[in-house]
Amino acid sequence: MPRPPSFDRAEVIELATEVFWQRGYTGTSVSDLVQATGLQPGSLYAAFGSKKGVFLEVLKAYQADSAGRLEDSLRQTDSPLEAIEGFFERLVDETLEDSRHRGCLMVNAMLEYSRHDADVQGQLVGGLHRMEALFGRALRRAGEQGELDPRLDVDATAAFLVNNLWGIRVMCRGRPSRDAVEGVVRTVLTALAASADQRGSMRRM
């Protein structure tokens, strides 16, 4: 049934997310979005401008959710290093427990479409920078609390964590074993822990 002109934008974006996640950008048609959201084509174009406009808002909402999860991890403990460890551990669980094997929407978009469109690429890069900034903030706090050597290159380490975050998500597209993924995470966390003093040493997974 078509939606009335007044609609819940967040709900429409959530419904569109499922379509893009399952079909990819190029595999999704406007008809698919109309069917999934219940919006008439005219309402869809009026609200978002184009299929790409919907996709950009989907990516923005997905990135906000990912950043929110990291922020939640950082709020749950006084130890920034433990928070980062917990974030990566939950990442493994969430990724491997996805029975539909959809992978990460941002990774999928980067591999499929970003090189063909500057707006999409810009949105994705902005999301990466946001995650790097959150990791960087946590690492600086860890240095202030004595968990890390204050001479650590925070920006490089934050980029290292984001690169590995994406690498793990790409790896999971191939449906690896839990042992394989957890082994990668342990290596990442061990590299981070090597920069910590005795008070900041992280527990092993």
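I will try to describe carefully the structure that is included in this document. (Residues numbered from 1 in each chain as written. Predicted model: local features only at pLDDT ≥ 70, side-chain atom pairs only at ≥ 80, totals over all residues. Heavy atoms only, no water.)

1. Describing the packing of aromatic side chains
Rules: Think of it this way: a Phe, Tyr or Trp ring, Trp meaning its six-membered ring, pairs with another when their centres are within 6.5 Å, and the plane angle makes it stacked under 30 degrees, edge-to-face over 60, tilted otherwise. Secondary structure counts use DSSP, requiring at least four H or I residues in a row for a helix and at least two E residues in a row for a strand, with both numbered from the N terminus. Note on exposure labels: buried denotes an accessible area under 20% of the residue type's maximum, exposed denotes more than 50%, and partly exposed covers the range between, all computed with a 1.4 Å probe on protein chains only. Lysine NZ or arginine CZ positioned within 6 Å of the ring centre and within 35 degrees of the ring normal marks a charge as sitting over the ring.
Counted under the stated rule, the structure contains seven aromatic pairs. A centroid spacing of 6.0 Å and a plane angle of 75° characterise the contact between F87 and F135, whose relative ring orientation is edge-to-face. Placement of the pair is F87 in helix α5 (residues 80-96) and F135 in helix α7 (residues 118-144), with a sequence separation of 48 residues. With respect to burial, F87 and F135 carry one shared label: buried. Here the aromatic cluster, defined as three or more aromatic residues joined through ring pairs, consists of F20, Y25 and F55. For the cation-ring pair, K51 lies above Y25, with the distance from its terminal atom to the ring centre recorded as 4.1 Å.

2. Overview of the packing of helix α1 (residues 9-23) against helix α4 (residues 51-75)
Our working definition: What counts as an axis is a line fitted to C-alpha atoms, over the stretch in contact for a helix, and the angles between N-to-C directions run from 0 to 180 degrees. Reported orientations rely on four angle classes, namely roughly parallel under 35 degrees, roughly antiparallel over 145, roughly perpendicular from 65 to 115, and oblique for the rest. For this analysis, residues touch if any pair of their heavy atoms sits within 4.5 Å.
One can describe the packing of α1 onto α4 by two numbers: an axis separation of 9 Å at closest approach and a directional angle of 100°. On the basis of the axis angle, α1 is roughly perpendicular to α4. Taking contact as the criterion, the partners of R9, I13, A16, T17, F20 and W21 in α1 are, on α4, K51, V54, F55, E57, V58, A61 and Y62.

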